[in-house]
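What follows is the residue order along each chain.
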Amino acid sequence: MNRVYHPTDIIRPEILELKAYHVPPATGMIKLDAMENPYTLPQNLQHDIAHLAGTAPINRYPDPNAADLKSALRKALGIPESMALMLGNGSDEIIQIIAMATAKPGAVLLSVEPAFVMFRMIATFANLQYVGIPLKKDFSLDIDAMLDAIAEHKPAIIFLAYPNNPTGNLFDKKDILKIIEATPGIVVIDEAYHAFADASMIGELANYPNLLLMRTLSKLGLAGLRLGLIAGRSIWLNEFEKIRLPYNVSVLTQHITQIVLHHMDVLLAQAEQIKTERSRMITQLSAMNGLEIFPSDANFILFRVNNATKIFQMLKDKGILIKNLDSSHTLLDNCLRVTVGTFDENTQFIAALQNLLNDNN
Ligand SMILES: *Cc1c(COP(=O)(O)O)cnc(C)c1O
């Protein structure tokens, strides 16, 4: 038999170097690591979904254009009629589609650091060159460095999350507009956390031909269904549509999302509850010694302690899973990120953290 290839013979070197995105096991834990909405849907809505799931035509491929779902999304999210809309299997898939579409040899994807790690990872998957410009110490945009990098690299595409993950803040809107005006390429504003922020760039879509706006239903309460969307000019979206796999949004996702969108008030009330809990947690964390807390417009809170890895591990040992960001970026030294959960989950987290800080200071 001929010798068979080893992965190192045929896999791209930049892929061999990667580590797969790590999702820690969380069975039985208080799960405050992934920005999920902690609330379930009301029982009558659960029953409607059960009925719909049972009768959904799962023997057929889904509607490749998802026309009904798109019009429901336009209404629920206020997407302007003048803008085209493309759906993804989560917004992660949309990032991937845009990266594949723009990956000419030498093309650059530009973002900030720290930012959503998928921007960098997907750039690598797609063979794009990634440039990450550090934020300032307070996690605001370094607008001069951004404008310099735009002039130097002429990025095909810029991704900015608004609010930003993992820092939780909204960038200055005037700075974002300067970036959109300065760059020859497209700018994707990723509003994954829109439900928890009182700001959006949606009103700017009509003003800038190179602006695209991305949203997801994941953080709003439908993480398990996997549905993301991007709105913008059809000259761009028509090109991206060529790369989108025709049946990327399943029959169940299309049907169930539509029912839930009819009850948008339920999701928005849950988001309000999360914002109320966020304020309560910020008040309680602010009162603790040995902890630096950063403002948040999202459904998570970033904070710094003296020994993040130890605190993270001890919380985990007590059954509370948050995210350790220490050593992910120099600006995040000793930083931890906690997702806002239910009242009970947050209360247990706060109590456990308070005990650990008392013991460790
Ligand atoms: C969570 C997150 C996403 C991914 O959302 P999915 O739609 O679940 O793929 C995208 N962007 C940012 C900034 C996020 O934090």
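Before reading on, note that the structure itself is shown above.
Described in the following lines is the structure provided in the data block. This one's a predicted model, so the numbers in the text were calculated from it and none came from an experiment. (Residues numbered from 1 in each chain as written. Predicted model: local features only at pLDDT ≥ 70, side-chain atom pairs only at ≥ 80, totals over all residues. Heavy atoms only, no water.)

### Description of the sheet that holds strand E8 (residues 228-232)
Stated precisely, the cut-off is as follows: Any two strands with at least two DSSP-identified bridges between them are counted as paired. Put simply, DSSP H or I for four residues or longer makes a helix, DSSP E for two residues or longer makes a strand, and each gets a number counted from the N terminus. To obtain each axis, a line is fitted to C-alpha atoms, and for helices this fit is confined to the stretch in contact; angles are then taken between N-to-C directions over 0 to 180 degrees. Whether two residues are in contact is decided by their heavy atoms: any pair within 4.5 Å suffices.
Spatially, 7 strands are ordered E2-E8-E7-E6-E5-E3-E4 in an open sheet, and the strand pairing comes out mixed. What marks the edges here is a single partner per strand, and that holds for strand E2 (84-88) and strand E4 (129-134). Averaged over all pairs of adjacent strands, the angle between their axes in this sheet comes to 25°, without regard to strand direction. Across the sheet, helix H4 (residues 67-77) lies against E2, strand E7 (211-216) and E8, angled at about 110° from E2, the strand it touches most.

### Examining the site of the ligand
Spelled out, the test is: Only a single heavy atom is needed: when it lies within 4 Å of a molecule or strand, its residue is near that molecule or strand. Polar contacts here mean pairs of N or O atoms no more than 3.5 Å apart (in protein, one a potential hydrogen donor and the other a potential acceptor; neighbouring residues in sequence count only if both atoms are side-chain atoms). Here the Shrake-Rupley method, with its probe set to 1.4 Å, supplies the accessible areas, and only the displayed protein chains count as covering residues. Side-chain classes are defined by residue name, with Ala, Val, Leu, Ile, Met, Phe, Trp, Tyr, Cys and Pro counting as nonpolar, Asp, Glu, Lys and Arg as charged, and the others, Gly among them, as polar.
In the region of the ligand, 13 residues are neighbours, and Asp190, Tyr193, Thr216, Ser218 and Lys219 sit closest. Separating a nitrogen atom of the ligand from a side-chain N or O atom of Asp190 is a distance of 2.5 Å. With respect to the ligand, the side chain of Lys219 contributes an N or O atom lying 3.1 Å from an oxygen atom. Contact with the protein chains removes 94% of the 390 Å² of surface that the ligand exposes when unbound. Broken down by secondary-structure element, the contributors of at least two residues to the shell around the ligand are helix H5 (91-102) and helix H9 (218-222). Broken down by class, the residue content of the shell around the ligand amounts to 4 nonpolar, 5 polar and 4 charged.

### Topic: the packing of H5 against helix H6 (residues 117-125)
The packing of two helices is summarised by the inter-axis angle and the distance between the axes. Operational definition: When describing relative orientation, an angle under 35 degrees is termed roughly parallel and one over 145 degrees roughly antiparallel, while 65 to 115 degrees is termed roughly perpendicular and anything else oblique. Each helix crossing is assigned a hand: it is left-handed if the near helix lies turned anticlockwise from the far helix by less than a right angle, otherwise right-handed if that turn is clockwise.
Two numbers describe how H5 lies on H6: the axes approach to 9 Å, and their chain directions differ by 40°. On the basis of the axis angle, H5 is oblique to H6. In the crossing of H5 with H6, the sense of the turn from one axis to the other is right-handed. For the pair H5 and H6, the contacting residues are Asp92, Ile95, Gln96 and Ala99 in the first and Met118, Phe119 and Ile122 in the second.

### A word on the sheet that holds strand E13 (residues 335-339)
Taking strand neighbours across the sheet as the criterion, the 4 strands line up as E9-E10-E13-E12 in an open arrangement whose pairing is antiparallel. Of all the strands in the sheet, just strand E9 (292-293) and strand E12 (323-324) have a single pairing partner and so form its edges. By the bridge criterion, 2 bridges tie E12 to E13 in an arrangement that is antiparallel. For Lys323, the partnering residue across the bridge sits in E13 and is Arg337.

### Details of a nonpolar patch on the surface
How we decide: Patches here are clusters of residues that have more than 30% relative accessible area and form no salt bridge, with a 9 Å joining cutoff for like charges and a 5 Å cutoff for nonpolar side chains (Val, Leu, Ile, Met, Phe, Trp, Tyr). One side-chain nitrogen of Lys or Arg within 4 Å of one carboxyl oxygen of Asp or Glu is enough to make a salt bridge.
A contiguous nonpolar patch, built from Tyr5, Ile10, Ile11 and Leu16 and spanning about 410 Å² of accessible area, is present on the exposed surface. Looking at where Tyr5 falls in the secondary structure, it is placed in the segment before helix H1 (7-10).

### Quick look at the pairing of E7
The side chains of a regular strand alternate, first on one face of the sheet and then on the other. Using the following cut-off: Relative accessible area decides the class of each residue, using a 1.4 Å probe on protein chains only: under 20% of the type maximum gives buried, over 50% gives exposed, and in between gives partly exposed.
Of all 6 residues in E7, 6 are buried, a share of seventy percent or more. Residues Leu211, Leu213 and Arg215 line one face of E7 and the alternating positions Leu212, Met214 and Thr216 line the opposite face, and both faces are buried. As paired elements, strand E6 (residues 186-190) and E7 share 4 bridges and run parallel to each other. Its bridge partner lying in E7, Asp190 is registered against Met214. In this structure, E7 lies alongside E8, joined through 4 bridges in antiparallel fashion. Across the sheet, residue Arg215 finds its bridge partner in E8, namely Leu229.

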